[in-house]
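Residues per chain are reported as follows:
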Amino acid sequence: MQFADLHPWDLTPSEAVALQRELAGQVVTENRVARPVRRVAGVDVSYEKQGEIFFAAVVLLSFPDLEPLEESHAAARVRFPYIPGLLSFRELPPLLQAFRALASKPDVILVDGQGIAHPRRLGLASHLGLWLDSPTIGCAKSRLCGDHLPPGPRRGERTPLLLKGEEVGAVLTTRERVRPLFISPGHHVDIDSAVELVLACGRGYRLPEPTRLAHLLSNRLRREGKAGTL
């Protein structure tokens, strides 16, 4: 994929916070996903606790049959400090390297992280969507912020995720009687479309298939990197 640089990375934490506030105003939460969707990507980043080497994975699947088409990955040394709410400044640089090596452009990207369900409305999925100018969806395994009631136990049941009275996502049961996922728009997608696409990407697991496969790949890359086989 080809895309222009959005901003530099040599920022202090306070500069990163200011940049998040600026970029959040550019996020579009109207559905602009091209139809029919033919290619969907999943992304994930893995690293050792307190480690500096980050392993980013992108897996591209056909849609709706979810057959693997392509995968790309990158490893990079990251020195930006761990600060809750600023994780995209650690995870995006290697992810962008992986996307630059991807031959085909996805129609929509599922991200293991938050979209606008973020204190400054710019989680990893939204930040990535702005860099790539592509539709992105946050598919987080845990809540970063906001309030919600528990969804029902059946697949497809959901409750709103509210932040200061604003609906910023959905708490979605993706597999019967398992913990829900926190789905939020990243960029160029609305809440209902995000939920619809996440459910359509299910293969009987808690995680949608694109991010599940990306998670497996990033963890394998981390293990192999630690073992010195990369």
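What comes next is a walk through the structure. (Residues numbered from 1 in each chain as written. Predicted model: local features only at pLDDT ≥ 70, side-chain atom pairs only at ≥ 80, totals over all residues. Heavy atoms only, no water.)

We now examine the nonpolar core. If you look at the biggest cluster of nonpolar residues, it comprises 43 residues, and the most contacted ones within it are Val 43, Val 58, Leu 95, Phe 99, Ile 109, Leu 128 and Leu 132. Looking at this core, the elements with two or more residues in it are helix 1 (13-24), strand 1 (39-47), strand 2 (53-62), helix 2 (88-100), strand 4 (108-111), helix 3 (124-132), strand 6 (158-163) and strand 7 (166-172). Apart from the residues within four sequence positions on either side, Leu 132 is in contact with Met 1, Phe 3, Leu 96, Phe 99, Lys 105 and Ile 109. If you look at the next biggest cluster of nonpolar residues, it comprises 29 residues, including Val 40, Leu 61, Ala 214 and Leu 221. (Core = buried A, V, L, I, M, F, W, Y, C linked by side-chain atoms within 4.5 Å. Buried < 20%, exposed > 50% of the residue type's maximum accessible area, 1.4 Å probe, protein only. Helix = DSSP H or I, 4+ residues; strand = E, 2+ residues; numbered from the N terminus. Contact = heavy atoms within 4.5 Å.)

A separate point is the pairing of strand 8 (residues 181-187). Across the seven residues that make up strand 8, a large majority, seven, are buried. Bridge count between strand 5 (residues 136-140) and strand 8: five bridges; the pairing is antiparallel. When the bridges of strand 8 are listed, Ala 140 appears paired with Phe 182. In this structure, strand 7 lies alongside strand 8, joined through three bridges in antiparallel fashion. Bridge pairing in strand 8 places Ala 170 opposite Ile 183. (Pairing = 2+ DSSP bridges.)

Moving on: unusual backbone geometry. A cis amide bond, omega -5°, links Arg 35 with the succeeding residue Pro 36. Within the element layout of this structure, Pro 36 appears in the loop between helix 1 and strand 1. With an omega of 15°, the peptide bond running from Phe 63 to Pro 64 counts as cis. Inspection of the secondary structure puts Pro 64 in the loop between strand 2 and strand 3 (68-77). With a phi angle near 60°, Leu 66 is a residue other than glycine that sits in the positive phi range. With respect to the helices and strands, the residue Leu 66 is situated in the loop between strand 2 and strand 3. A positive phi is found at Lys 164, a non-glycine position, where the angle reads about 55°. Inspection of the secondary structure assignment puts Lys 164 in the loop between strand 6 and strand 7. Classification of Lys 164 by relative accessible area gives exposed; the value is 80%.

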